[in-house]
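# Coordinate inspection notes
One letter stands for each residue in the lines below.
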Amino acid sequence: MSVTSEILEKIKKQDPHEFEFHQAAEEVLESLEPTAKKHPEFVKAKIYERIIEPDRVVMFRVPWLDDKGELQVNRGYRIQYNNAIGPYKGGTRFHPSVNLGILKFLGFEQIFKNSLTTLAMGGAKGGSDFDPKGKSDAEVMRFCHAYMLELFRHIGPDIDVPAGDIGVGGREIGYMYGMYKKIRNDHTGVLTGKGLSFGGSLVRPEATGYGCVYFAAEMLATKGLDFKGKTVAISGSGNVAQFAVEKVNQLGGKVITLCDSSSTIVDDEGISGDKCGYVMDLKNVQRGRISEYADKFGCAVCYIGESVWDVIKNQGLKIDIALPCATQNEIDGSHAEALVKNGCICVAEGSNMPSTPEAVRVFKDNGLLFGPGKAANAGGVATSGLEMSQNSMRLSWTREEVDARLLGIMKNIHKSCLDAAEVYGRKGDYVFGANVAGFLKVANAMLAYGYV
Ligand code: NDP
Ligand code: 2IT
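So, a few notes on the structure that sits alongside this text.

So, how was this worked out
- Residues numbered from 1 in each chain as written.
- Chains lettered and ligands numbered in written order.
- Predicted model: local features only at pLDDT ≥ 70, side-chain atom pairs only at ≥ 80, totals over all residues.
- Heavy atoms only, no water.
- Salt bridge = Lys/Arg side-chain N within 4 Å of Asp/Glu carboxyl O.
- Helix = DSSP H or I, 4+ residues; strand = E, 2+ residues; numbered from the N terminus.
- Buried < 20%, exposed > 50% of the residue type's maximum accessible area, 1.4 Å probe, protein only.
- Near = heavy atom within 4 Å.
- Polar contact = N/O pair within 3.5 Å; in protein donor to acceptor, adjacent residues only side chain to side chain.
- Areas by Shrake-Rupley, 256 points an atom, 1.4 Å probe, with all protein chains shown as cover.
- Core = buried A, V, L, I, M, F, W, Y, C linked by side-chain atoms within 4.5 Å.
- Contact = heavy atoms within 4.5 Å.
- Disulfide = S-S within 2.5 Å.

We now examine the pattern of salt bridges. Tallied over the entire structure, the rule returns 25 salt bridges. Residue Arg-171 pairs with Asp-137 through a salt bridge whose shortest N-O separation is 2.5 Å. You can see Arg-171 sitting in helix α7 (residues 170–184) and its partner Asp-137 sitting in helix α6 (residues 137–151), a full 34 residues away along the chain. Its relative accessible area of 18% is what places Arg-171 among the buried residues. Accessibility expressed as a relative area gives 42% for Asp-137, which makes it partly exposed. Here Arg-171 ties to Glu-172 by a salt bridge, and the two come within 3.0 Å at their closest N and O atoms. Across this residue pair, the class does not change: Arg-171 and Glu-172 are buried.

As structure tokens, then:
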């Protein structure tokens, strides 16, 4: 049995209910098998056994008062996975589905993603099973403050730098940073995704969506193609989806779908111009449902209870490019087959692990350009890294400067994936290339430290 399959068997036995973690680990370990053959020094130093195990998991109680004055209790987490190449870095997710298995999958992926950015950032992830939906502003504030009342002792600008993810945007980061600053009495910018007036970076809100589209554009360019005149399906309607729509429009493509966890809207005329501003206000300010888009704009059709990928499958929608930007495992094998049948040539993952292993197989077997999340959505954390640099230097770069750096980083990640894949005889395999390129830098650092 190979080193990597032994490890996989062990983690499945150890924590049998952590399905998402097993899924993420299986994909990475499969890719890493050839590196074990090429690098006996990694095998000897048990790099594979060590990288799979988080440095530490912090799990804590978050008690907070709701608007009725009743005490609520949620569970908070921070998984500090690996800091071989820099301080722990990764997002914070507030969603009722959050558990250890989901955060371990996200933290593990983050190690390789952060390494691919070329910036000095280790991997981490945190969050809570708190559901911000339907909560008042005051409740969200009290929850965020309570969450930070424990988290503050585990983080720091050179220790661990959290950011946003599902359910955590500018509002939540502001509340959490406010409490951190008060307790610590310092202003070192420990969170990223901060507001512009208190240490945030221009283009950080846009970065994940823009970066995903930049990555897709790089993949298309390898075939002499671009976004002009292409029909694009985007899922989700949150931070990543909104700015993916904006960038596709700028590059001449037409986005026809968006969704949330309740429904999908299809607008054949394209989600552009004032309609983009409407979606941002609806989701970020009104905190409404995407179905309201169809009430507002007669040109759109709403499908209740169906995801974007269900609608493409059930309605036979023709699309050229798919950008999943909602959540994990949103595209299964049957959705992938429908995408292929309906003409899709390129999939770039804005969300983390949106495609099931079956879906990835379908994309690969049919020769689609397929950019995995840890490469395609790395623009968000990369720009968080740029926010950290600006905070350390106590200055801020212009929008043009940050956007140019983001574009450069995405092009570089694209090239690193292709180069690593080619070295190992897996030309054009972005999944393999991302895993191996991300791993090698971390593995070499771990090797240099000795057995720690
Ligand atoms: P948001 O909370 O802003 O938006 C999430 C969107 O996805 C919402 O439309 C939400 O619908 C939908 N969604 C979330 N969970 C589910 C679910 N279980 N089923 C169906 N729909 C769901 O999050 P982001 O846009 O920040 O994150 C989206 C994805 O991108 C995540 O996978 C995240 O990990 C990844 N990502 C985010 C980065 C960032 O910088 N923010 C960076 C890199 C990756 P509803 O409102 O109904 O819940
Ligand atoms: O999944 C991710 O890369 C994020 N949620 C962003 C992490 C960050 O630290 O900006």
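The next point concerns the site of ligand 2. The environment of ligand 2 is formed by 14 residues, the closest being Lys-89, Lys-113, Asp-165, Arg-204 and Ser-384. Between ligand 2 and Lys-125 there is a distance of 3.1 Å, counted from an oxygen atom to a side-chain nitrogen or oxygen. Contact with the protein chains hides 95% of the accessible area of ligand 2, taken as 290 Å² for the molecule alone. When contributions to the shell around ligand 2 are tallied by element, the ones reaching two or more residues are β3 (88–94), α5 (100–116) and α16 (379–393).

A few words now on the nonpolar core. With 95 residues, the main nonpolar core has Phe-108, Ile-234, Leu-258, Leu-323, Ile-413 and Phe-439 as its most contacted residues. In terms of residue count, the dominant contributor to this core is helix α18 (residues 430–449) (10 residues). Excluding residues that lie within four positions of it along the chain, Ile-234 makes contacts with Ala-241, Ala-244, Val-245, Val-248, Val-255, Thr-257, Leu-258, Val-308, Leu-323 and Cys-325. With 24 residues, the next largest nonpolar core counts Ala-233, Trp-309, Leu-339 and Phe-370 among its residues.

This paragraph deals with the state of the cysteines. Evaluated as defined, the whole model comprises zero disulfides. Here Cys-302 is not cross-linked by a disulfide; its sulfur's nearest cysteine counterpart is in Cys-259, at 11 Å. Cys-302 gets classed as partly exposed once you look at its relative accessible area, which sits at 24%.

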